[in-house]
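Single-letter residue listing:
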Amino acid sequence: KRMEKLAQKFYYADHFGFASIPGEGDGQVDDVSRRDDTIGYMRSLCNAVAADREASDQEIEWIRGYLATKGYDADIVDSVKSTAKDAESKTLDAIAKETKDMLKKGTLKYAARVIIYDSLRASASDGLHEDELTATKTIAKELGVDEADVLALRDMVLEEIALKKKRVTLLYPNGSVFLQDEFNP
């Protein structure tokens, strides 16, 4: 458990600049509320990747890995696939409304832009398609995030992907048996 907390704290500090793990030690969130928040966040990401009517295996695995890195309970991580597949049958309006409703409670009320960002990252894990961007814009509008900010977040996600490719190429110019196929020369 100690190593999990260390990994979570490192991730939140390195990626978001946080001084602590959200909802822990701040006296604002109890364990039940934190669990509800994590379920809501997971559902929001699953809804976003399924908004184009197809949650791919790669998107699902991205969400699972991301939530595990953030220290989500195993049962929540294990429910990603079924939640994403169930979301494929929802209308875009229903997804946008459900996401908006989830963001009215707990720490999620501060998470609209992060959900948009993470939704774009999850969707981009198998290539960001135009219908996924359209769906993300619809969800963002419902959350009060304007289209220009969605496009700026999209550009940042695409820049991060390009930077990762550049980093891997510089670190492993001859490839490696450990690299994903897309990174081997």
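Before reading on, note that the structure itself is shown above.
These numbers were taken from a predicted model, which means no experiment stands behind them.

Caption draft 1: Just the overall build of the protein chain, in detail. Looking only at helices and strands, one finds 9 helices and 0 strands in the protein chain. Scanning the protein chain from its N terminus toward the C terminus, one meets helices and strands in the order α-α-α-α-α-α-α-α-α. Scaling as 2.2 N^0.38, a compact globule of 185 residues should have a C-alpha radius of gyration of about 16 Å, and the protein chain matches this with 17 Å. If you line up the protein chain on its principal axes, its C-alpha atoms span 50 × 40 × 30 Å. Per-residue burial over the protein chain gives 39% buried out of 185 residues.

Caption draft 2: Seen up close, unusual backbone geometry. In this model, Arg53 sits at a positive phi of 80 degrees, which is unusual for a non-glycine residue. Tracing the sequence through the fold places Arg53 in the loop between helix H2 (31-50) and helix H3 (57-69). On the accessibility criterion, Arg53 (47% relative accessible area) is partly exposed.

Caption draft 3: Fine view of the packing of helix H8 (residues 130-143) against helix H9 (residues 147-171). At a minimum axis separation of 9 Å, H8 and H9 run at an interaxial angle of 135 degrees. Compared by their axis directions, H8 and H9 come out oblique. The two elements H8 and H9 meet at a crossing, and its hand is right-handed. Between H8 and H9, the residues in contact are Leu133, Thr136, Lys137 and Ala140 and Glu147, Val150, Leu151 and Arg154, respectively.

Caption draft 4: Expanded view of the pattern of salt bridges. Under the defined criterion, the tally for this structure stands at 14 salt bridges. Measuring nitrogen to oxygen at the nearest pair gives 3.6 Å for the salt bridge that ties Lys100 to Glu142. Taken together, the residues Lys100 in helix H6 (residues 92-102) and Glu142 in helix H8 connect sequence positions 42 residues apart. Relative accessible area serves as the criterion here: at 33%, Lys100 is assigned to the partly exposed category.

Reading the values: rules and limits
- Residues numbered from 1 in each chain as written.
- Predicted model: local features only at pLDDT ≥ 70, side-chain atom pairs only at ≥ 80, totals over all residues.
- Heavy atoms only, no water.
- Helix = DSSP H or I, 4+ residues; strand = E, 2+ residues; numbered from the N terminus.
- Rg over C-alpha atoms; globule rule 2.2 N^0.38 Å.
- Buried < 20%, exposed > 50% of the residue type's maximum accessible area, 1.4 Å probe, protein only.
- Axes fitted to C-alpha atoms, helices over the stretch in contact; angles between N-to-C directions.
- Parallel < 35°, antiparallel > 145°, perpendicular 65-115°, else oblique.
- Left-handed = near helix turned anticlockwise from the far one by under 90°.
- Contact = heavy atoms within 4.5 Å.
- Salt bridge = Lys/Arg side-chain N within 4 Å of Asp/Glu carboxyl O.

The analysis is restricted to geometry; functional conclusions fall outside its scope.
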